[in-house]
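# Secondary and tertiary structure notes
Read off the chains here:
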Amino acid sequence: MRLVILILVLAVVSALAVDYRSAGTLYTGTGSFPPPGTDDYTISVVNTFECSFTSSILGLEFVEADEHLIFMSNTVNDERLWVVNASNGSQVNSFPLPWDTPDPFGIGDYYPAGFQPHCNDYNDVLIWYTSDFNVWYDNHYDQYGRGMDGTGTYIYEAYGPVGAVVGAVCRFYPDGTGVHALLLPGITSQLSGLTTFPISSTLGLAVTTYNSGLADHYIWFYQYNRDGFDLIGTAQLPSCDMSLGLAYSSSRGTFFWSWTDVSYNFYVSELSVTGLAMEQSTWGAIKTTF
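Residues numbered from 1 in each chain as written. Predicted model: local features only at pLDDT ≥ 70, side-chain atom pairs only at ≥ 80, totals over all residues. Heavy atoms only, no water.

The number of helices and strands found in the chain is two helices and 20 strands. In the chain, which comprises 290 residues, the share counted as buried stands at 56%. A sequence separation of at least 24 residues applies to 52% of the contacts in the chain between residues at least 6 apart. (Helix = DSSP H or I, 4+ residues; strand = E, 2+ residues; numbered from the N terminus. Buried < 20%, exposed > 50% of the residue type's maximum accessible area, 1.4 Å probe, protein only. Contact = heavy atoms within 4.5 Å.)

What follows is the structure in C-alpha cells.
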C-alpha cells in the first residue's frame, strides 16, 4: 500500500515539476479551516522579504539577543542553517549541516544554554542539536515532525503526517527525554509551522497548516491549561500557496511567517496580530516555567 501511495505522489510531483518531498511538504489532505466563531484576530503585514541567496525557508526561530531570524534550507547543495537580519532578510551568516544527506525542517533554539539550535530531520528521523549539530536523539514524531520552538524548559514540535485529520504537538526536554504529546483541537490537516508566545500569564502556542493550493490560510492560536491546549482563535493569513514556518519575537511583539507563492518562491513576512492579549513583560518567566 505504501508503495502505491509513493508512486502516486511521485507522479504528482513530476507533473508539478517541484520536488515536494525534498522540502518536507507532502500534502494529500483537503485543508484545515477554523471552526465557526474562532476567527477572532486580524493580521497586518509589517514587512515582507525574499532571501534570494537560499533555495528554501523552512522552520523559523527568532533570536532575541541579536534581532536575527534563523531557518533551514534543504535542497541539494543547500542544506544549511541560515541567519538573517529580521528587518530586511539580509544574510548574516550560515552554517552547513554536518550529517549525511540532511533533510531538515524545524528549528528551535534552546536559549538558556547559549546558541543551542535543535533541528529535526524528516528523512533520518532524528533531532540534531548543539551549535555544531554533532549530537542527536530519536525524534518522537519520526518523519512527521515539522515546526519547532524552544523555551527555557522544553522543545515543542508540531505533528505533521501526510493526510492528517488531527492536530498535535509534543514537548520534551532538550536531551530528548520527558516526551509529552498534546492534542490541538480544531486542526484537521497537516501542520507546518509552530511557535510559542505569552498570553494571560501562561503559554500560548501558534501553528500553521500547509493548505497547499488552497486560497485560505490561517494561524491557529492556543492557550495552555493543565490538561493541554485550548483553541482561543484564528487569524486569516494573506493569500499564498503553502504556509510554512512561524516564529514570535517578544521584543517586537510580532510574528514571522514563511510561505511560498505558486512559483515555489519562498518569502518571510513580519505580522502584527490584533486581539491577542500578549504579555511581553512576563515572557521570560513564562518560558522558564513551560
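What follows picks up the thread again.
Another point: the packing of aromatic side chains. Following the criterion strictly, the structure yields 22 aromatic pairs and no others. Here the aromatic rings of Trp99 and Phe133 are separated by 5.8 Å at their centres, their planes lie at 75 degrees, and the arrangement is edge-to-face. Here Trp99 is found in the loop between β5 (91-96) and β6 (104-109), whereas its partner Phe133 is found in the loop between β8 (126-129) and β9 (135-138), with 34 residues between them in sequence. Like Trp99, the residue Phe133 is buried in the burial classification. When the centroid spacing of 5.4 Å and the interplanar angle of 70 degrees are considered together, the rings of Tyr224 and Phe229 count as edge-to-face. For Tyr224, a relative accessible area of 15% gives the class buried. (Phe/Tyr/Trp six-rings, centres within 6.5 Å; stacked < 30°, edge-to-face > 60°.)

The next point concerns the sheet that holds strand β18 (residues 242-249). Spatial strand order, β1-β20-β19-β18: four strands in an open sheet with antiparallel pairing. Across the chains shown, the open sheet's two edge strands, defined by having one partner strand only, are β1 (42-49) and β18. The mean angle between the axes of side-by-side strands here comes to 30 degrees, regardless of whether they run parallel or antiparallel. Sheet topology note: the β18/strand β19 (residues 254-260) ladder contains six bridges and is antiparallel. Bridge pairing in β19 places Ser243 opposite Trp259. (Pairing = 2+ DSSP bridges. Axes fitted to C-alpha atoms, helices over the stretch in contact; angles between N-to-C directions.)

A separate point is the sheet that holds strand β15 (residues 202-209). The four strands are arranged β14-β15-β16-β17 in an open sheet whose pairing can be described as antiparallel. Of all the strands in the sheet, just β14 (191-199) and β17 (228-236) have a single pairing partner and so form its edges. Strand after strand, the sheet turns through a mean of 25 degrees between neighbouring axes, direction not considered. Alignment of strand β16 (residues 218-225) against β17, held across eight bridges, turns out to be antiparallel. Residue pairing for β17: Ile219 is matched across the bridge by Ala235.

What follows is about the pairing of β15. Counting buried residues in β15 gives eight out of eight residues, a clear majority hidden from the surface. With seven bridges connecting them, β14 and β15 associate as antiparallel partners. Counterpart to Thr195 in the pairing with β15 is Ala206. What sits between the antiparallel neighbours β14 and β15 is a turn of two residues, in which Ser200 has the positive phi angle 50 degrees. Relative to β16, β15 runs antiparallel, the two sharing five bridges. Residue pairing across strands places Thr208 opposite Ile219, the latter belonging to β16.

Moving on to the nonpolar core. In this structure, Ile57, Leu69, Phe71, Leu244 and Phe256 are the most contacted members of the largest nonpolar core, which totals 20 residues. Looking at this core, the elements that each hand over two or more residues are β2 (58-63), β3 (68-75), β4 (78-85), β18 and β20 (266-274). Beyond its immediate sequence surroundings of up to four residues, Leu69 is in contact with Phe49, Glu61, Phe62, Trp82, Val83, Val84, Ala86, Ala247, Phe256 and Val268. Core analysis: the next-biggest nonpolar cluster, separate from the first, contains 19 residues, Ala206, Leu237, Cys240 and Phe255 among them. (Core = buried A, V, L, I, M, F, W, Y, C linked by side-chain atoms within 4.5 Å.)

Let us look at the pattern of salt bridges. Per the stated rule, a full pass over the model turns up two salt bridges. Between Glu67 and Arg252 there is a salt bridge, with the nearest N and O atoms lying 3.0 Å from each other. Here Glu67, found in the loop between β2 and β3, pairs with Arg252, found in the loop between β18 and β19; they are 185 residues apart in sequence, far enough to count as distant. Of the residues examined, Glu67 reaches a relative accessible area of 29% and is grouped as partly exposed. Across the salt bridge formed by Glu270 and Arg252, the nearest N and O atoms sit 3.2 Å from each other. Highlighted residues: Glu270 in strand β20 and Arg252 in the loop between β18 and β19, separated in sequence by 18 residues. For Glu270, a relative accessible area of 6% corresponds to the buried category. Salt bridges sharing common partners tie together Glu67, Arg252 and Glu270. (Salt bridge = Lys/Arg side-chain N within 4 Å of Asp/Glu carboxyl O.)

Remember that the coordinates give geometry; whether it matters functionally is a separate question.
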